[in-house]
Amino acid sequence: MTSAWSRRVLLATGGGAALALGLPSPAPAAALPAPSSPAPAADDAFAALRAKWRELYLGSGFSPTAEPFRSKLAELGAQAAAHRSAMAPARGSLWPDLVYLDPDPDTDTESFGFSARMTTSYNRLRTMAEAYAQPGTGLTGDTVLRDAVVTGLDHLHADVFNPATPRYGNWWDWQIGAPQALMDTCVLLHDTLTDAQRAAYCGAVDHFLPESAIGSYTGTSTGANRVDLCRGIILRGIVGANAAKIALAAAALSPVFPYVTKGDGFYPDGSFVQHTSIPYIGGYGAVLNDGLGRLFALLRGSAWEITDPGSRQFLDTIEAAIAPFVYDGLMMDNVSGRGITRAGTSDHTRAHGVMASIVLLGLGADPAENARWRAMVKGWLVRDRYAPALASGSLSLVNTARLRALLDDATVTPAPEPSAHRVFHHMDRITHRRRGWGAGLSMASARIAHYEFGNGENKRGWHTGSGWLQWWADGTNQDQYSDAYWPTVDPYRLPGTTVSRKRMADGQGGAWANPVPDTRWVGGTGDGEFGTTGQHLQGLASTLHARKSWFWLDDCVVCLGSGITSADGTAAETVVDNRFLGTDGTRRLLLDGEAQPTGQGWSTTRTTEWAHVDGHAGYVFPGGTTLHALREERTGAWRDVNDGGSATPLTRRYLTLWQDHGTDAADGSYAYVLLPGASAERTAARAADTGWLRILAQDADRTGIHVPSLGFTGITFWAAGTAGRVTVNAPVCVQIREKRDGTATVCVADPSRTVTGLSLTWRRPVRSVLSRPGSVTGVRTGSALSLTYGDLSTSAGATHTVRVRLR
């Protein structure tokens, strides 16, 4: 059934809906030419690319009557029907709730909203076109729906997206958002559109997305944005049968492939940065991954196939950069920028599309690589019990089909999570995975921002770079950061952070400011299994300074802090943990074996040697500490953290453990051992084993530990000095592991990027050096090991490993 206006409007195919309804006429330059007879079929090459893009966009090989496809197709049809019935072309809008006419057009935040509504209008038309093209939607082949889409395209072209309209708001809408949705729709309805319509729409894309947009690899034309820009031009070339456009944009992808040494893109260590200083594998990195996967598949076998040797290097990023941040089917928030505060998404939903992209990219990988990736993705799929990808509703139909086929492939055995420690020194992130648990650490430095705020998103992410420690234990707590976490968690008490309680303004620092601290000693070292990490923390808009260290071991993380100072006139705190307990959680808390009350609002402050939260973790405090504990129900709304979110209040329960360093802290410190997934019995046993951990030093110059049973020594030297048996003459990070086979590894990194020469002495008898990097210029063995290093400042914080045989 059509709406009151649709019968007369849907028949208008030439001058646009505005003219058909007697609305104010657009500028003459924006009017579409009169309709012509249907265009002859394009040559085989362009027709083949259109067919391939349709399949990439719509999917194939699934039954529209089988679940979950039947429900998804029905939902798509319902959305398209709702869009059609609400469509009411008018000057400045195609839908009454999406007014894109900006009364004061410029590039301020308010104008961003108007340009975004233009893009959303094109997205709705694309949804309607998909419902027309897909089987089983209830609107498949519906000519009334098809004509409504064409009417909408004509109206948007005549009214806003045309060469006579000056650009306003967000550049992204004009160069990426609207062109992509428009060209996708043109491919889906290609044979319905006239030559004149296709030419007009392509002309608008040429105007707002000119070839100069990919003329140089700089500004907004880098990384994921570059891929999106190229996609828009390639599709414009396909729709307009312009081979030169396709060739130009395919070639312009080449700068995306090589590793970068600064700015946006992938780094050799697996880091991915966008917006100059934001770790973004879970956002723009995922977009880049998906976009390249589609373009590789689209152009493969054509005259424009992407053959740049660098594309092989890009495939390496799947295991080097993407996989380390996906854990049991979720994408860690610490590489997802401002996107963590978008309602309707979570760390799980962000991973779903990434998994499907990896499956698509695998088609162009070598067989062994593809087999590994398919096993890896299948493992994520089967282990995600909180928000299974095929049941969550977040996936597009085409991605659902890809992952469903993988799950049904009996020849693929799910791969387990690997055990590995990774240091991403170009983006101040750490991942650590052991048997039964995994963790991720987020830091900030003069290179990497405290947080990202823009488009009114992530207004309270101030402390996500202050040593925020996320962790998960296998099979439990998969919702820890997923269920309305960001609107309800106390933003001053993120797990693992050391912060000043100084009040912050929403969006502190300003939109797109990407505020960075002045500190440079941020990073760490590791041997691929265990790790040592340090952060000289400077608080955002605060006088707070702290030296934070983490030692990543087999069943735990040893967390030490020192030199905590602040003159903000407020308390400084270190948050041991802040566990999300859901809407009605009452997990038992033990303090030194004594069960605490479970009522909301309960709190205590007491000297504690160990704590345990049922189903979560154990915490050991060497020598005891004054621990604060609080159970609370917190209420917030998505709009509190994202201007585009709902104002509906949400309430969740939390259990928080923290140490208070006092108002205007002076040389404060903390020490605790986090045991993810540990039982109360194991936690108590670790606390009772007072010889298990030896703290070698803990001050503003050096922080270090020794664990005899593991042969592990880790030290963050904030300045030259001695800790335990190790002496250095420069500020470096050192880790030593003695193995049972009589060998040891000495790992050194220069997180500050300032050390031009280093002397290191380990007072332990060493027989010989088995291997060393070129950075080691001198060696002396015997009763002690002495190593001389050359310039480490140019290695960007990377690890230098020496392997020795012990006496």
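What counts, and where the lines are drawn
Residues numbered from 1 in each chain as written. Predicted model: local features only at pLDDT ≥ 70, side-chain atom pairs only at ≥ 80, totals over all residues. Heavy atoms only, no water. Helix = DSSP H or I, 4+ residues; strand = E, 2+ residues; numbered from the N terminus. Rg over C-alpha atoms; globule rule 2.2 N^0.38 Å. Buried < 20%, exposed > 50% of the residue type's maximum accessible area, 1.4 Å probe, protein only. Contact = heavy atoms within 4.5 Å. Areas by Shrake-Rupley, 256 points an atom, 1.4 Å probe, with all protein chains shown as cover. Lys, Arg positive; Asp, Glu negative; His and termini not counted. Charge placed at Lys NZ, Arg CZ, Asp CG, Glu CD. Expected span 1.5 Å × (residues − 1). Polar contact = N/O pair within 3.5 Å; in protein donor to acceptor, adjacent residues only side chain to side chain. Axes fitted to C-alpha atoms, helices over the stretch in contact; angles between N-to-C directions. Parallel < 35°, antiparallel > 145°, perpendicular 65-115°, else oblique. Nonpolar A, V, L, I, M, F, W, Y, C, P; charged D, E, K, R; others polar. Pairing = 2+ DSSP bridges. pLDDT = per-residue confidence, 0-100. Phe/Tyr/Trp six-rings, centres within 6.5 Å; stacked < 30°, edge-to-face > 60°. Salt bridge = Lys/Arg side-chain N within 4 Å of Asp/Glu carboxyl O. Patch = residues over 30% accessible without salt bridge, like charges linked within 9 Å, V, L, I, M, F, W, Y side chains within 5 Å. Core = buried A, V, L, I, M, F, W, Y, C linked by side-chain atoms within 4.5 Å. Disulfide = S-S within 2.5 Å.

Draft legend 1. Summary view of the overall build of the protein chain. Regarding its fold elements, the protein chain presents 18 helices and 33 strands. Rg of the C-alpha trace for the protein chain: 29 Å, near the compact-globule value of 28 Å for 807 residues, within the 12% margin. Along the first, second and third principal axes, the C-alpha set of the protein chain runs to 90 × 60 × 55 Å. Across the 807 residues in the protein chain, those meeting the buried criterion constitute 60%. The long-range fraction of contacts in the protein chain, counting pairs at least 24 apart against all pairs at least 6 apart in sequence, stands at 69%. Roughly 27800 Å² of accessible area belongs to the protein chain as shown, and the carbon and sulfur atoms make up 51% of that amount. Distance from the positive charge centre (74 side chains) to the negative charge centre (75 side chains) of the protein chain: 5 Å.

Draft legend 2. Inspection of helix α14 (residues 367–383) at higher detail. A rise of 1.5 Å per residue sets the reference length of α14, with its 17 residues, at 24 Å; its end C-alpha atoms lie 24 Å apart and thus fit the reference within 8%. In terms of burial, α14 is a largely internal element, twelve of the 17 residues being buried. Looking at the buried side of α14, the elements it contacts are α12 (310–322), β4 (326–327), α13 (347–362) and α15 (397–408). Where α14 begins, one side-chain oxygen reaches toward the backbone nitrogen of A368, 3.1 Å away; that side chain belongs to D366.

Draft legend 3. Summary view of the side chain of Q478. Summarising the element assignment, Q478 is placed in the loop between β9 (466–473) and α16 (485–488). A relative accessible area of 9% places Q478 in the buried class. A distance of 2.9 Å separates the side chain of Q478 from the backbone nitrogen of R385, its partner in a polar contact. Discounting chain neighbours no more than four positions away, the residues touching Q478 are D328, L330, H348, R383, D384, R385 and Y386.

Draft legend 4. Structural view of the side chain of R231. Following the sequence through the fold, R231 ends up in helix α9 (residues 223–239). Residue R231 is classed as buried on the basis of its relative accessible area, which comes to 8%. Each residue touching R231, except ones within four places of it in the same chain, is listed here: W53, R126, Q180, D184, R294 and L295.

Draft legend 5. Examining the packing of α14 against α15 more closely. Following both chains from N to C, one finds α14 and α15 inclined at 95°, their axes separated by 10 Å at the closest point. Classified by the angle between their axes, α14 and α15 sit roughly perpendicular to one another. Where α14 approaches α15, its residues R374, V377, K378, L381 and V382 are matched on the opposing element by L403, L406 and L407. Across the contact of α14 with α15, the residue classes break down as six nonpolar, no polar and two charged.

Draft legend 6. Main features of the pairing of strand β7 (residues 429–434). Burial of β7 is extensive: six of the six residues sit out of reach of the surface. Taken together, the six bridges between β7 and strand β8 (residues 437–443) define a ladder with antiparallel strand orientation. What sits directly across from R429, in β8, is S442.

Draft legend 7. Region of the structure containing the environment of R447. Note that R447 resides in the loop between β8 and β9. For the pair R447 and I233, spaced 214 residues apart in sequence, the C-alpha separation works out to 33 Å. R447 has contacts with T276, S277, D428, R520, V522, P751 and R753, leaving out every residue within four places of it along the chain. Within the local environment of R447, its side chain forms a polar contact with the backbone oxygen of V522, the two atoms lying 3.1 Å apart.

Draft legend 8. The arrangement of the confidence of the model for the protein chain in detail. Looking at the protein chain as a whole, the pLDDT averages 93, with 95% of positions reaching at least 70. Within the model, pLDDT remains below 50 along residues 1–42, and this stretch shows 63 contacts once partners closer than five positions in the same chain are excluded.

Draft legend 9. Just the packing of aromatic side chains, in detail. Tallied over the full model, the rule gives 25 aromatic pairs. Their ring planes at 25° and their centres at 5.8 Å tell us that F46 and W304 sit as a pair that is stacked. Of this pair, F46 sits in helix α3 (residues 44–58) while W304 sits in the loop between α11 (284–299) and α12; the two residues are 258 residues apart in sequence, bridging distant segments of the chain. Pair check on accessibility: F46 and W304 agree, each one buried. Judged by centre distance (4.5 Å) and plane angle (55°), the ring pair of W521 and W718 falls under tilted. Placement of the pair is W521 in the loop between β10 (498–500) and β11 (522–526) and W718 in the loop between β24 (712–717) and β25 (721–723), with a sequence separation of 197 residues. By relative accessible area, which is 6% here, W521 ends up buried. Accessibility expressed as a relative area gives 9% for W718, which makes it buried. Taken together, the ring pairs in this structure connect Y327, W468, W472, Y481, Y485, W486, F580 and Y654 into an aromatic cluster.

Draft legend 10. How the structure looks around the pattern of salt bridges. Tallied over the full model, the rule gives 46 salt bridges. D643 is paired through a salt bridge with K459; the nearest N and O atoms lie 2.9 Å apart. With a gap of 184 residues between them, D643 in the loop between α17 (638–641) and β20 (650–663) and K459 in the loop between β8 and β9 connect regions that are remote in the sequence. On the basis of relative accessible area, D643 is assigned to the partly exposed category, the value being 46%. Taking the relative accessible area as the measure of exposure, K459 reaches 11% and is therefore buried. Close ionic contact of R764 with E738 constitutes a salt bridge, the shortest N to O distance being 3.2 Å.

Draft legend 11. Geometry of a positive patch on the surface. On the surface, a cluster of positive charge is made up of K739, R767, R803, R805 and R807. Examined against the element boundaries, K739 turns out to sit in the loop between β27 (733–738) and β28 (743–749). For K739, a relative accessible area of 33% gives the class partly exposed.

Draft legend 12. Representation of the nonpolar core in the model. Core analysis: the biggest nonpolar cluster contains 136 residues, and Y122, L125, F161 and L403 have the highest contact counts within it. Examining the composition of this core, we find that ten residues originate from one element, helix α7 (residues 171–188), more than from any other. Aside from chain neighbours lying at most four places away, what touches Y122 is L153, L156, H157, F161, A178, A181 and L182.

Draft legend 13. Molecular detail of the sheet that holds strand β30 (residues 766–771). If you trace the seven strands from one edge of the open sheet to the other, you get β22-β23-β24-β27-β28-β33-β30, paired in antiparallel fashion. On the outer flanks of this sheet lie β22 (694–698) and β30, each paired with one strand and no other. Mean inter-strand twist for the sheet, computed between neighbouring axes without regard to direction, equals 15°. Pairing analysis gives four bridges linking β30 to strand β33 (residues 800–806), with the strands arranged antiparallel. Counterpart to S771 in the pairing with β33 is R803.

Draft legend 14. Geometry of the state of the cysteines. Going through the model one piece at a time under the given rule, you end up with zero disulfides. You can see C186 has no disulfide; the closest cysteine sulfur is in C202, sitting 6.5 Å from it. Look at C202 and you get buried, because its relative accessible area is 2%.

Draft legend 15. Quick look at the environment of T261. Looking at where T261 falls in the secondary structure, it is placed in the loop between α10 (243–251) and β1 (265–266). Accessibility expressed as a relative area gives 72% for T261, which makes it exposed. When the C-alpha atoms of T261 and V377 are compared, they prove to be 30 Å apart, with 116 residues separating the residues in sequence.

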